[in-house]
Amino acid sequence: MTRQRDILQPGIHKPGFPRPKRSLGQNFLVHQGTIETIVRLSGIQPGDRVVELGVGLGTMTRELSKKASKVTGLEIDERLIKWVREKRPLPWNVELRHSDILRVSFQGLAEELGGPLKIIGNLPYNISSQIIFKLIEERNHIDRAILMLQKEVAERLASRPGSKAYGILSVITGYCADVARLMDIPPGLFRPRTKVTSTLVQLEFREPVIVATDFALFKNIVRKAFQKRRKKLINALKGLPPFSQDEILHALKICGIDPGYRAEVLSIENFVTLSNILDKNVLL
(Lines give C-alpha, C1' and ligand atoms only; values in the text may rest on other atoms or scores of the structure.)
Protein backbone atom coordinates (compact mmCIF):
# COMPACT_ATOMS: atom_id res chain seq x y z
CA MET A 1 0.00 0.00 0.00
CA THR A 2 1.38 3.42 -0.95
CA ARG A 3 1.70 5.75 2.03
CA GLN A 4 0.35 9.27 1.66
CA ARG A 5 3.72 10.90 2.28
CA ASP A 6 5.31 8.89 -0.55
CA ILE A 7 2.97 10.23 -3.23
CA LEU A 8 4.53 12.66 -5.67
CA GLN A 9 3.52 16.25 -5.05
CA PRO A 10 0.35 17.13 -7.00
CA GLY A 11 0.10 20.01 -9.43
CA ILE A 12 3.31 19.47 -11.39
CA HIS A 13 1.41 18.71 -14.62
CA LYS A 14 -1.68 20.88 -14.06
CA PRO A 15 -2.45 23.76 -16.43
CA GLY A 16 -1.00 27.00 -15.16
CA PHE A 17 1.97 25.40 -13.49
CA PRO A 18 5.15 27.25 -14.53
CA ARG A 19 7.23 25.01 -16.73
CA PRO A 20 10.74 24.28 -15.39
CA LYS A 21 13.35 26.35 -17.21
CA ARG A 22 16.24 24.36 -18.60
CA SER A 23 18.33 27.55 -18.76
CA LEU A 24 18.08 27.82 -14.95
CA GLY A 25 18.79 24.13 -14.38
CA GLN A 26 15.39 23.63 -12.73
CA ASN A 27 14.62 20.10 -11.54
CA PHE A 28 12.07 20.09 -8.72
CA LEU A 29 12.23 17.43 -6.01
CA VAL A 30 8.59 16.31 -5.72
CA HIS A 31 8.72 13.24 -3.49
CA GLN A 32 7.23 14.21 -0.14
CA GLY A 33 8.83 11.39 1.86
CA THR A 34 12.30 12.33 0.59
CA ILE A 35 11.70 16.01 1.34
CA GLU A 36 10.76 15.15 4.93
CA THR A 37 13.85 12.97 5.27
CA ILE A 38 16.11 15.75 4.01
CA VAL A 39 14.67 18.23 6.51
CA ARG A 40 15.14 15.67 9.30
CA LEU A 41 18.76 14.99 8.28
CA SER A 42 19.47 18.71 8.09
CA GLY A 43 19.26 18.93 11.87
CA ILE A 44 17.35 22.22 11.73
CA GLN A 45 16.30 23.31 15.22
CA PRO A 46 13.95 25.99 16.61
CA GLY A 47 15.82 29.27 16.64
CA ASP A 48 17.84 28.47 13.51
CA ARG A 49 18.07 31.06 10.74
CA VAL A 50 17.63 29.05 7.55
CA VAL A 51 18.29 30.27 4.03
CA GLU A 52 16.90 28.09 1.24
CA LEU A 53 18.71 28.34 -2.08
CA GLY A 54 16.05 27.94 -4.73
CA VAL A 55 12.45 27.81 -3.47
CA GLY A 56 11.10 25.89 -6.45
CA LEU A 57 7.56 24.72 -5.66
CA GLY A 58 7.81 25.74 -2.02
CA THR A 59 7.41 22.18 -0.73
CA MET A 60 10.78 22.05 1.03
CA THR A 61 10.20 25.59 2.26
CA ARG A 62 7.02 24.54 4.03
CA GLU A 63 8.72 21.60 5.74
CA LEU A 64 11.60 23.82 6.87
CA SER A 65 9.13 26.32 8.34
CA LYS A 66 7.89 23.61 10.71
CA LYS A 67 11.38 23.33 12.27
CA ALA A 68 13.06 26.73 12.01
CA SER A 69 12.03 30.02 13.53
CA LYS A 70 12.77 31.87 10.28
CA VAL A 71 13.12 30.68 6.67
CA THR A 72 14.36 33.03 3.96
CA GLY A 73 13.83 31.55 0.51
CA LEU A 74 15.94 32.87 -2.35
CA GLU A 75 14.59 32.32 -5.86
CA ILE A 76 15.80 33.78 -9.15
CA ASP A 77 12.62 32.84 -11.06
CA GLU A 78 9.88 35.38 -10.31
CA ARG A 79 7.29 33.07 -11.91
CA LEU A 80 7.86 30.52 -9.16
CA ILE A 81 7.63 33.09 -6.37
CA LYS A 82 4.30 34.30 -7.78
CA TRP A 83 3.02 30.74 -8.23
CA VAL A 84 3.93 29.69 -4.69
CA ARG A 85 2.32 32.79 -3.19
CA GLU A 86 -0.88 32.20 -5.16
CA LYS A 87 -1.16 28.40 -5.05
CA ARG A 88 0.66 27.38 -1.88
CA PRO A 89 0.65 30.23 0.63
CA LEU A 90 3.46 29.70 3.13
CA PRO A 91 3.45 30.22 6.91
CA TRP A 92 4.17 33.57 8.60
CA ASN A 93 7.81 32.65 9.36
CA VAL A 94 8.74 32.33 5.66
CA GLU A 95 9.98 35.19 3.49
CA LEU A 96 10.51 34.73 -0.25
CA ARG A 97 13.01 36.97 -2.02
CA HIS A 98 13.72 37.39 -5.71
CA SER A 99 17.48 36.93 -5.70
CA ASP A 100 20.41 35.56 -7.69
CA ILE A 101 22.24 33.11 -5.43
CA LEU A 102 25.58 33.98 -7.01
CA ARG A 103 25.11 37.66 -6.20
CA VAL A 104 23.52 37.59 -2.76
CA SER A 105 25.60 38.60 0.27
CA PHE A 106 25.43 35.88 2.91
CA GLN A 107 27.30 38.20 5.24
CA GLY A 108 24.54 40.77 4.76
CA LEU A 109 21.86 38.13 5.37
CA ALA A 110 23.58 36.91 8.53
CA GLU A 111 23.84 40.45 9.87
CA GLU A 112 20.20 41.14 9.00
CA LEU A 113 18.91 37.90 10.53
CA GLY A 114 21.05 38.14 13.64
CA GLY A 115 23.64 35.39 13.40
CA PRO A 116 25.29 32.60 11.38
CA LEU A 117 23.11 30.92 8.76
CA LYS A 118 22.01 27.37 8.05
CA ILE A 119 21.93 26.91 4.26
CA ILE A 120 19.86 24.31 2.44
CA GLY A 121 19.21 23.92 -1.25
CA ASN A 122 18.78 21.82 -4.37
CA LEU A 123 21.53 23.39 -6.49
CA PRO A 124 21.30 23.69 -10.28
CA TYR A 125 23.92 21.32 -11.71
CA ASN A 126 25.33 23.96 -14.05
CA ILE A 127 26.37 26.37 -11.26
CA SER A 128 26.78 24.07 -8.24
CA SER A 129 30.57 24.45 -8.03
CA GLN A 130 30.30 28.24 -8.28
CA ILE A 131 27.79 28.29 -5.43
CA ILE A 132 30.01 26.08 -3.26
CA PHE A 133 32.99 28.37 -3.82
CA LYS A 134 30.80 31.36 -2.90
CA LEU A 135 29.72 29.67 0.33
CA ILE A 136 33.37 29.00 1.13
CA GLU A 137 34.24 32.65 0.56
CA GLU A 138 31.52 33.67 3.03
CA ARG A 139 31.93 30.74 5.41
CA ASN A 140 32.46 32.96 8.46
CA HIS A 141 28.75 33.77 8.29
CA ILE A 142 27.52 30.20 7.70
CA ASP A 143 27.34 27.34 10.20
CA ARG A 144 26.33 24.53 7.89
CA ALA A 145 25.19 23.90 4.33
CA ILE A 146 22.95 20.99 3.29
CA LEU A 147 23.10 20.72 -0.48
CA MET A 148 21.65 18.47 -3.18
CA LEU A 149 24.27 17.99 -5.87
CA GLN A 150 25.00 15.82 -8.84
CA LYS A 151 26.47 12.61 -7.41
CA GLU A 152 29.72 13.14 -9.32
CA VAL A 153 30.18 16.56 -7.70
CA ALA A 154 29.47 15.10 -4.25
CA GLU A 155 32.15 12.46 -4.85
CA ARG A 156 34.64 15.18 -5.76
CA LEU A 157 33.79 17.09 -2.59
CA ALA A 158 34.45 14.09 -0.36
CA SER A 159 37.42 12.57 -2.20
CA ARG A 160 40.92 12.15 -0.80
CA PRO A 161 44.46 12.37 -2.23
CA GLY A 162 45.25 9.67 -4.75
CA SER A 163 41.72 9.23 -6.08
CA LYS A 164 40.62 10.22 -9.57
CA ALA A 165 37.89 12.46 -8.14
CA TYR A 166 40.36 14.41 -5.98
CA GLY A 167 40.82 17.91 -7.36
CA ILE A 168 40.24 21.64 -6.97
CA LEU A 169 36.84 21.29 -5.31
CA SER A 170 38.12 18.61 -2.92
CA VAL A 171 41.07 20.66 -1.70
CA ILE A 172 39.44 24.07 -1.36
CA THR A 173 36.34 22.66 0.34
CA GLY A 174 38.30 20.30 2.57
CA TYR A 175 40.49 23.19 3.68
CA CYS A 176 37.69 24.69 5.77
CA ALA A 177 34.82 22.20 5.95
CA ASP A 178 34.02 18.65 6.97
CA VAL A 179 32.05 16.93 4.21
CA ALA A 180 29.50 14.18 4.85
CA ARG A 181 27.43 12.39 2.23
CA LEU A 182 23.95 11.88 3.70
CA MET A 183 21.88 10.11 1.04
CA ASP A 184 21.48 9.45 -2.68
CA ILE A 185 18.33 10.61 -4.46
CA PRO A 186 17.31 8.78 -7.67
CA PRO A 187 16.37 10.65 -10.86
CA GLY A 188 12.71 9.60 -10.77
CA LEU A 189 11.94 11.72 -7.71
CA PHE A 190 12.49 14.95 -9.64
CA ARG A 191 10.35 16.76 -12.21
CA PRO A 192 11.59 16.95 -14.83
CA ARG A 193 13.43 13.72 -14.22
CA THR A 194 17.18 14.24 -13.89
CA LYS A 195 19.63 12.29 -16.03
CA VAL A 196 21.83 11.28 -13.09
CA THR A 197 21.55 10.44 -9.41
CA SER A 198 21.76 13.30 -6.93
CA THR A 199 23.45 13.20 -3.53
CA LEU A 200 22.64 15.13 -0.38
CA VAL A 201 25.79 16.40 1.31
CA GLN A 202 26.53 18.35 4.46
CA LEU A 203 29.28 20.95 4.69
CA GLU A 204 30.15 21.76 8.29
CA PHE A 205 32.41 24.80 8.24
CA ARG A 206 35.31 24.87 10.71
CA GLU A 207 38.71 26.43 11.27
CA PRO A 208 41.40 25.06 8.89
CA VAL A 209 43.97 22.62 10.23
CA ILE A 210 46.63 25.00 8.88
CA VAL A 211 45.57 28.54 8.01
CA ALA A 212 46.53 29.88 4.58
CA THR A 213 48.09 33.30 5.13
CA ASP A 214 46.92 34.35 1.66
CA PHE A 215 43.74 32.45 0.76
CA ALA A 216 43.68 33.81 -2.79
CA LEU A 217 47.24 32.56 -3.41
CA PHE A 218 46.34 29.16 -1.93
CA LYS A 219 43.37 28.85 -4.31
CA ASN A 220 45.48 29.94 -7.28
CA ILE A 221 48.14 27.30 -6.53
CA VAL A 222 45.48 24.58 -6.22
CA ARG A 223 43.83 25.60 -9.48
CA LYS A 224 47.12 25.79 -11.38
CA ALA A 225 48.22 22.41 -10.05
CA PHE A 226 45.04 20.60 -11.07
CA GLN A 227 44.38 22.33 -14.36
CA LYS A 228 47.30 20.27 -15.71
CA ARG A 229 46.93 17.37 -13.30
CA ARG A 230 48.81 14.86 -15.49
CA LYS A 231 51.91 17.06 -15.49
CA LYS A 232 54.59 17.08 -12.84
CA LEU A 233 53.95 19.70 -10.19
CA ILE A 234 56.88 21.91 -11.19
CA ASN A 235 55.56 22.05 -14.76
CA ALA A 236 51.94 22.52 -13.74
CA LEU A 237 52.91 25.51 -11.57
CA LYS A 238 55.05 27.09 -14.27
CA GLY A 239 54.07 30.73 -14.73
CA LEU A 240 52.42 31.03 -11.31
CA PRO A 241 52.47 34.79 -10.75
CA PRO A 242 54.59 36.45 -9.46
CA PHE A 243 57.06 33.62 -8.83
CA SER A 244 59.95 32.39 -10.98
CA GLN A 245 60.56 28.70 -11.62
CA ASP A 246 63.56 28.78 -9.29
CA GLU A 247 61.48 30.30 -6.49
CA ILE A 248 58.82 27.62 -6.88
CA LEU A 249 61.46 24.88 -6.88
CA HIS A 250 63.03 26.28 -3.72
CA ALA A 251 59.66 26.53 -1.98
CA LEU A 252 58.88 22.91 -2.89
CA LYS A 253 62.22 21.87 -1.43
CA ILE A 254 61.52 23.71 1.85
CA CYS A 255 58.14 21.94 2.05
CA GLY A 256 59.70 18.55 1.34
CA ILE A 257 57.56 18.11 -1.77
CA ASP A 258 59.11 16.31 -4.72
CA PRO A 259 58.70 18.60 -7.79
CA GLY A 260 58.12 15.45 -9.83
CA TYR A 261 54.91 14.67 -7.92
CA ARG A 262 51.54 15.24 -9.50
CA ALA A 263 48.89 17.37 -7.80
CA GLU A 264 46.62 14.44 -6.98
CA VAL A 265 49.06 13.01 -4.40
CA LEU A 266 49.40 16.21 -2.36
CA SER A 267 47.35 16.63 0.82
CA ILE A 268 45.42 19.78 1.63
CA GLU A 269 48.08 20.61 4.23
CA ASN A 270 50.79 20.25 1.54
CA PHE A 271 49.06 22.86 -0.59
CA VAL A 272 48.59 25.23 2.37
CA THR A 273 52.22 24.89 3.45
CA LEU A 274 53.47 25.56 -0.09
CA SER A 275 51.22 28.60 -0.32
CA ASN A 276 52.45 29.96 3.02
CA ILE A 277 56.12 29.46 2.12
CA LEU A 278 55.66 31.38 -1.14
CA ASP A 279 53.60 34.05 0.60
CA LYS A 280 56.32 34.62 3.21
CA ASN A 281 58.97 34.71 0.48
CA VAL A 282 61.16 32.26 2.41
CA LEU A 283 63.39 31.79 -0.56
CA LEU A 284 66.92 32.10 0.83
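About the thresholds
Residues numbered from 1 in each chain as written. Predicted model: local features only at pLDDT ≥ 70, side-chain atom pairs only at ≥ 80, totals over all residues. Heavy atoms only, no water. Helix = DSSP H or I, 4+ residues; strand = E, 2+ residues; numbered from the N terminus. Core = buried A, V, L, I, M, F, W, Y, C linked by side-chain atoms within 4.5 Å. Buried < 20%, exposed > 50% of the residue type's maximum accessible area, 1.4 Å probe, protein only. Axes fitted to C-alpha atoms, helices over the stretch in contact; angles between N-to-C directions. Parallel < 35°, antiparallel > 145°, perpendicular 65-115°, else oblique. Left-handed = near helix turned anticlockwise from the far one by under 90°. Contact = heavy atoms within 4.5 Å. Nonpolar A, V, L, I, M, F, W, Y, C, P; charged D, E, K, R; others polar.

A. Region of interest: unusual backbone geometry. That bond from arginine 191 to proline 192 is cis: its omega, -5 degrees, falls within 30 degrees of zero. A cis amide bond links proline 241 with the next residue in sequence, proline 242, at an omega value of 0 degrees. On the secondary structure map, proline 242 appears in the loop between α9 (233-236) and α10 (245-255).

B. Fine view of the environment of leucine 53. With respect to the helices and strands, the residue leucine 53 is situated in strand β2 (residues 49-53). Taking C-alpha positions, leucine 53 is 9.4 Å from serine 99, a pair spaced 46 residues apart along the chain.

C. Region of the structure containing the nonpolar core. Ranked by size, the top nonpolar core spans 60 residues in total, and within it Phe106, Ile119, Leu147, Phe218 and Phe271 carry the most contacts. Examining the composition of this core, we find that seven residues originate from one element, helix α8 (residues 215-227), more than from any other. Counting 27 residues, the second-largest nonpolar core is a separate cluster that includes Ala68, Trp83, Met148 and Leu200.

D. Examining the packing of helix α6 (residues 151-158) against helix α7 (residues 168-176) more closely. The N-to-C vectors of α6 and α7 enclose an angle of 55 degrees; their axes lie 7 Å apart at closest approach. Here α7 runs oblique to α6, going by the angle between their axes. Here α6 and α7 pass one another in a crossing that is right-handed. Here Val153, Arg156 and Leu157 of α6 lie close against α7, whose contacting residues are Leu169, Ser170 and Thr173. For the contact of α6 with α7, the class distribution of residues is three nonpolar, two polar and one charged.

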